[in-house]
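# Architecture and fold: a report
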Amino acid sequence: MLPGIGALLGPVAAWLYYRDRSRLLDEQGKEAVNFQISMWIYSTVIGLVAFGLFSLGLIGGAVGSAAGQPGVGAFAVLGLFSTFFLFFLPVLLVLGLLPLILMLVAVIQVSAGKPYRYPLTLRLLR
């Protein structure tokens, strides 16, 4: 949770410090803060879904084993791990790398004096 908060606090501090210098810095600061809030929301939702599915897999495995059908329990646990490695791990890798790549593109664009709009961003600050 702390890295997510740190990723949000940095753009908020920079935006608050530089927003009075120019209209472009104010707009791009809001854009960066909105992007970081959006990434935090997406990561939180995916984390909650992953936790819920992980819990269901463990519960299914325990219920299947307790019912005297170890094959059902093993199938539930196998489904749990395959879902993690085939879906959630790649999604978490993309959510980890995407902000870094998009922030670098934004820095290059804004340094050239061009505004940059982050994709997948919820526009909460206007």
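Residues numbered from 1 in each chain as written. Predicted model: local features only at pLDDT ≥ 70, side-chain atom pairs only at ≥ 80, totals over all residues. Heavy atoms only, no water.

## Focus: the pattern of salt bridges
Condition: Any Lys or Arg side-chain nitrogen found within 4 Å of a carboxyl oxygen on Asp or Glu counts as a salt bridge. Going along the chain from the N terminus, every DSSP run of H or I of four or more residues is numbered as a helix, and every run of E of two or more is numbered as a strand. Partly exposed residues are those whose accessible area sits between 20% and 50% of the maximum for their type, while under 20% is buried and over 50% is exposed, using a 1.4 Å probe and protein chains only.
With the rule as written, the count across this model stands at four salt bridges. Linking R23 and E27 is a salt bridge whose minimum nitrogen-to-oxygen distance equals 3.1 Å. Residue R23 and its partner E27 are located together in helix 2 (residues 23-66), separated by four residues, close to a single helical turn. For E27, a relative accessible area of 33% corresponds to the partly exposed category. Note that K30 is salt-bridged to D26, the shortest N-O span being 3.6 Å. Placement of both K30 and D26 in helix 2 is noted, with a separation of four residues, approximately one turn of the helix. By sharing partners, the salt bridges in this structure join E31, R117 and R123 into a single network.

## Here's the deal with the layout of surface pockets
Threshold: Cavity and pocket criteria rest on a 1 Å grid covering protein atoms alone: a 1.4 Å probe that fits but cannot get out defines a cavity, protein on both sides within 12 Å along at least 5 of 7 lines defines an open pocket, and an atom within 4 Å of a point defines a lining residue. Grid points are joined across faces, edges and corners, and a volume is the space filled by probe spheres set on the points. Residues are grouped as follows: Ala, Val, Leu, Ile, Met, Phe, Trp, Tyr, Cys and Pro are nonpolar; Asp, Glu, Lys and Arg are charged; all remaining types, including Gly, are polar.
Counted as a void, the largest pocket has a volume near 330 Å³. Forming the walls of the largest pocket are 15 residues, and the residues nearest its centre are L25, Q28, G29, A32 and V110. Of the residues in the lining of the largest pocket, the class split is eleven nonpolar, four polar and no charged.

## As for the packing of aromatic side chains
Filter applied, for reference: Centres within 6.5 Å make a pair out of two Phe, Tyr or Trp rings, where for Trp the six-membered ring is used; the pair is then stacked when the planes are under 30 degrees apart, edge-to-face when over 60, and tilted otherwise.
Taken as a whole, this structure holds two aromatic pairs when the rule is applied. Measuring from ring centre to ring centre gives 4.3 Å for F35 and Y118, while their planes differ by 15 degrees; the resulting arrangement is stacked. With F35 in helix 2 and Y118 in the segment after helix 3 (70-111), the pair connects residues that are 83 residues apart, well separated along the chain. Per residue, the accessibility class of F35 equals that of Y118, and both read buried. Relative to Y118, the ring of Y116 has its centre 5.1 Å away and its plane inclined at 85 degrees; by these criteria the two rings are edge-to-face. Classification of Y116 as buried rests on a relative accessible area of 13%. Looking at Y118, the relative accessible area reads 7%, which means it is buried. In textbook terms, an aromatic cluster arises when at least three aromatic residues are bridged by ring pairs, as seen for F35, Y116 and Y118.

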